[in-house]
Amino acid sequence: MNPYSRIYDDNGQLIQSYNYNGTFEPNPIWNTTINTKDVSEYTDLSNYFYGEWKIKPQLKLVGRLGITAKDYQTDIFYPASHTNFINETNVYQKGSYNQTTGKSLYTSGDLGINYSFMKGSHLFFMNGQVNFNNTKYDRVSLSAEGFPNDQMDHVIFAIQYADGGKPSGSEGISHSAGGLASLNYSFDERYLFDANYRLTGSSEYGSNQRWGTFWSVGAGWNIHKEKFFEGSSFINQLKLRFSTGYTGSQGFNTYEALSTVRYYTSEAYYGRIGSYLVSMANPNLRWQSKYDSSVGVDFSLANKRVNGRFDYYVANTESMLTDVTLPASTGFNYYRANLGKTENKGIEANLNVRVYQKDNNYVNVYASAAHNKNKLKEISNSLQAFNNEQDEEKSQESSASKESITTPSVRYIEGESINTIWAVKSLGIDPQNGKEIYMKKDGSVTYEWDADDQIAAGDAMPSVTGTFGISSEIKNIGCNVAFYYRLGGQIYNSTLVDKVENANLAYNVDKRVYTDRWQKAGDMALYKAISNTSYTRPTTRFVEDYNTLTLSSVNLYYDFRNTSLVKKSFLQQLRFSVNMNDLFVISSVKTERGTDYPFARNATFSIQATF
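Structure report, in brief. Because the structure is a prediction, the values reported are computed rather than measured.

Criteria and thresholds
Residues numbered from 1 in each chain as written. Predicted model: local features only at pLDDT ≥ 70, side-chain atom pairs only at ≥ 80, totals over all residues. Heavy atoms only, no water. Helix = DSSP H or I, 4+ residues; strand = E, 2+ residues; numbered from the N terminus. Buried < 20%, exposed > 50% of the residue type's maximum accessible area, 1.4 Å probe, protein only. Contact = heavy atoms within 4.5 Å. Lys, Arg positive; Asp, Glu negative; His and termini not counted. Charge placed at Lys NZ, Arg CZ, Asp CG, Glu CD. Phe/Tyr/Trp six-rings, centres within 6.5 Å; stacked < 30°, edge-to-face > 60°. Lys NZ or Arg CZ within 6 Å of the ring centre and 35° of its normal. Core = buried A, V, L, I, M, F, W, Y, C linked by side-chain atoms within 4.5 Å. Pairing = 2+ DSSP bridges. Patch = residues over 30% accessible without salt bridge, like charges linked within 9 Å, V, L, I, M, F, W, Y side chains within 5 Å. Areas by Shrake-Rupley, 256 points an atom, 1.4 Å probe, with all protein chains shown as cover. Salt bridge = Lys/Arg side-chain N within 4 Å of Asp/Glu carboxyl O. Polar contact = N/O pair within 3.5 Å; in protein donor to acceptor, adjacent residues only side chain to side chain.

## Regarding the overall build of the chain
Then, number 1: For the chain, the count of helices and strands is five helices and 29 strands.
Then, number 2: Taking the principal axes of its C-alpha atoms as reference, the chain extends roughly 85 × 70 × 70 Å.
Then, number 3: For the chain, buried positions account for 33% of its 611 residues.
Then, number 4: Considering only contacts within the chain whose residues lie at least 6 apart along the sequence, 65% involve residues at least 24 apart.
Then, number 5: Considering the chain, the positive charge centre built from 59 side chains and the negative charge centre built from 62 side chains are found 10 Å apart.

Set out below in structure tokens:
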């Protein structure tokens, strides 16, 4: 809706829609005057049991049992008068009702035994546990249409199921069981060691790979406990840490490893209903595992006024679940297999400094920084085919959506980051004709955008992200201020693409459409010719370095403790506070916020009192 369009007609009646060059656009206010429904309801019943038996001072038995049952229903109703149907001519398809109902049941339990003892400088802690988990869910959805009146807001008033539709749903059952054992050891509070082993079995994996085994070991050294540090008034804590091991995750549906059958619902053969295989079984489908290694240091200095932590980590995801493309002759498009590999490397650092401390008054400053890089080490042929499908879609403007054409694709390329921004290298706009000049991979130039010429134009992953701020309290007045920053990395500026080059001139548009786009020969323009209405594909012209600084939150308060107001009244505690968030953002890239989801700066005032 253009901002200059009238809301009411000459008779004072609310206008439902507007005709812009043969295209009907709705008046968003109209829908607030009719009866619609968008309701989600659920009932969640949970019960947890915990038991503990202290057999001996050093020996303890612990048991837990949990049950959670949930029922839910979602109803979305739009009558025929809703603006969703202003271009619909079939009266039986005006108005819609979507209903989803479901229920789930989750049970879990574990039984563990803990044993600890100390002998001299040696401290041992051992733990063993067995556990189980069961999950069951059932979901049904239906879509109906034909609701001529906005008061007919129940699904029973539908004329028919949605065109080509029928009830659908899903259900699943999974069981898992396992055990774990752990050992923690400390010598003289200086040398630390721990080891863990887990064995887990699940019904969701292939018949040959039901069980997964995972282990981890770690070590620590409290250097400040050594004799050569005794008497040090500056170093209060200095600890080195190291850990390595495997963790597992799932990441696929309940029946992904099994051959499943589905009945034909739209045709029969000689009065009999047939069935067909939905997926190909993979009896060797196993856990997706991640191997993590990290080394770090913790320190505390100057009578614990300076505290910090530093970590370096490497995480390799192995046996990553990916889709393997199958020949059409098999009757299946793909099946799941453990083929992919990714790698993540990074560092994290935190520093906290108390710059002032006297009685209850203090001033504390802090900062953190994190850096991470990821890389695809191995992908399946299905992901390669996915890349090709996206490239082909970007070359077919008539059959693809605007977003799929103009937005850089997520491409899976071995050796590259998952966050790589892919675009064709641009040499700018030709001053003679207003066309964009592209550079092909062989170094030649062309006016034609080609998906095969896409390059790694940037990385959406920032080089460094972190926070910094201050927390203080002076004479009962407290202040907490937090900032967030990101440095390095790039962004594809979709605001410029959508609002300037791909803007529809029939609507209200950015003024740069008329001031910065090429209009005549000799124009040194940033954007292509205004007469060119084709979509702009991903190009390096819109890849920009992205750095931001955000004032994330501010908290101010006054605590009335130790004041006469509290001492001489029935109050035990009284505090007045105000909280604000997202006060400002400084960015190297101008982008829009709040156009898809409302953006708001919030201020909250509160009073806390204890009687």
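Having put the structure on the table, let's press on.
## Considerations on the packing of aromatic side chains
Then, number 1: Counted according to the given criterion, the structure contains 19 aromatic pairs.
Then, number 2: A ring pair is formed by tyrosine 492 and phenylalanine 542, whose centres lie 6.2 Å apart and whose planes are at 70°; its orientation type is edge-to-face. Of this pair, tyrosine 492 sits in strand E25 (residues 490-492) while phenylalanine 542 sits in the loop between helix H4 (512-515) and strand E26 (543-545), and the two are 50 residues apart along the sequence.
Then, number 3: A residue is classified by how much of its surface remains accessible, and tyrosine 492, at 9% relative accessible area, is buried.
Then, number 4: The class of phenylalanine 542 is buried, set by a relative accessible area of 1%.
Then, number 5: The ring centre of tyrosine 42 lies 4.8 Å from the NZ or CZ of lysine 70, which sits over that ring.
Then, number 6: Across the ring face of tyrosine 557, the terminal group of arginine 575 is positioned such that the distance to the ring centre comes to 4.0 Å.

## Focus on the nonpolar core
Then, number 1: Membership of the largest hydrophobic core is limited to eight residues, which are Ile421, Tyr492, Leu496, Val497, Val500, Tyr527, Phe542 and Val543.
Then, number 2: Sorting elements by how many residues they give to this core places helix H3 (residues 494-501) first, with three residues.
Then, number 3: Apart from the residues lying within four places of it in its own chain, the contact partners of valine 543 are Ile421, Ala457, Gln490, Ile491 and Tyr492.
Then, number 4: If you look at the next biggest cluster of nonpolar residues, it comprises five residues, including Phe77, Tyr97, Ala144 and Val155.

## Overview of the pairing of strand E9 (residues 191-202)
Then, number 1: The pairing of strand E8 (residues 168-187) with E9 spans 12 bridges and is classified as antiparallel. Following the sheet pairing, glycine 179 is matched in E9 by leucine 199.
Then, number 2: Once E8 ends, the chain turns through three residues before running back antiparallel as E9, passing aspartate 188 with a positive phi of about 60°.
Then, number 3: Here E9 runs beside strand E10 (residues 211-222); their pairing, made up of 11 bridges, is antiparallel. Paired with tyrosine 197 across the two strands is tryptophan 215, which belongs to E10.

## Topic: a nonpolar patch on the surface
Then, number 1: Together, Phe49, Leu65, Ile67, Leu105 and Phe132 line one region of the surface with nonpolar side chains, adding up to about 440 Å² of accessible area.
Then, number 2: Relative to the elements of secondary structure, phenylalanine 132 occurs in strand E6 (residues 122-145).
Then, number 3: By relative accessible area, which is 32% here, phenylalanine 132 ends up partly exposed.

## Looking at unusual backbone geometry
Then, number 1: Despite not being glycine, alanine 302 shows a phi value in the positive range, around 50°.
Then, number 2: Along the chain, alanine 302 falls in the loop between strand E14 (288-301) and strand E15 (306-325).
Then, number 3: The phi angle at lysine 304 is positive, at roughly 65°, despite the residue not being glycine.
Then, number 4: Relative to the helices and strands, lysine 304 resides in the loop between E14 and E15.
Then, number 5: For lysine 304, a relative accessible area of 59% puts it in the exposed group.

## Remarks on the sheet that holds strand E19 (residues 426-429)
Then, number 1: Across the sheet, three strands lie side by side as E19-E20-E21; this open sheet has antiparallel pairing. Looking along the sheet, the strands with just one partner apiece sit at the ends: E19 and strand E21 (445-446).
Then, number 2: The pairing of E19 with strand E20 (residues 436-439) spans two bridges and is classified as antiparallel. Its bridge partner lying in E20, isoleucine 429 is registered against glutamate 436.

## What to know about H3
Then, number 1: Of the residues making up H3, those classed as buried are Thr495, Leu496, Val497, Val500 and Glu501.
Then, number 2: Among the structural elements, helix H2 (402-406), E25, H4 and E26 are those in contact with the buried residues of H3.

## Quick notes on a positive patch on the surface
Then, number 1: Taken together, Lys341, Lys345, Lys375 and Lys377 make up a surface patch of like positive charges.
Then, number 2: Going through the elements one at a time, strand E16 (334-358) and strand E17 (361-378) are the ones with two or more residues in the positive patch.
Then, number 3: By the element assignment, lysine 341 lies in strand E16.
Then, number 4: Classification of lysine 341 by relative accessible area gives partly exposed; the value is 36%.

## Describing the pairing of strand E28 (residues 573-587)
Then, number 1: Sheet analysis places strand E27 (residues 548-559) next to E28, joined by 11 bridges and oriented antiparallel. Bridge pairing in E28 places leucine 549 opposite isoleucine 586.
Then, number 2: Note: E28 against strand E29 (residues 603-610), eight bridges, orientation antiparallel. Within E29, the position partnered with valine 578 by the bridge is phenylalanine 605.

## Regarding the environment of serine 174
Then, number 1: Its location among the elements puts serine 174 in strand E8.
Then, number 2: As a C-alpha pair, serine 174 and asparagine 532 span 358 residues in sequence and 55 Å in three-dimensional space.

## Details of the side chain of asparagine 222
Then, number 1: Positionally, asparagine 222 belongs in strand E10.
Then, number 2: The class for asparagine 222 is buried, based on a relative accessible area of 10%.
Then, number 3: One polar contact links the side chain of asparagine 222 to the main-chain carbonyl oxygen of glutamate 189, over a distance of 2.8 Å.
Then, number 4: Those residues in contact with asparagine 222, other than ones at most four positions away along the chain, are Glu189, Arg190, Leu192, Leu238 and Lys239.

## Concerning the pattern of salt bridges
Side-chain pairs of opposite charge can arise where the charged atoms are in close proximity.
Then, number 1: For the structure shown, the criterion picks out 21 salt bridges.
Then, number 2: For glutamate 226, the salt bridge is made with arginine 190, and the minimal N-O distance between the two is 3.0 Å. Taken together, the positions of glutamate 226 in the loop between E10 and strand E11 (235-249) and arginine 190 in the loop between E8 and E9 put the pair 36 residues apart, joining distant regions of the chain. You'll find glutamate 226 and arginine 190 in the same group, each marked buried.
Then, number 3: One salt bridge connects glutamate 501 with arginine 541, and the closest N-O pair in it is separated by 2.8 Å. Separated by 40 residues along the polypeptide, glutamate 501 in helix H3 and arginine 541 in the loop between H4 and E26 bring together distant segments of the chain.
Then, number 4: Judged by its relative accessible area of 18%, arginine 541 falls in the buried class.

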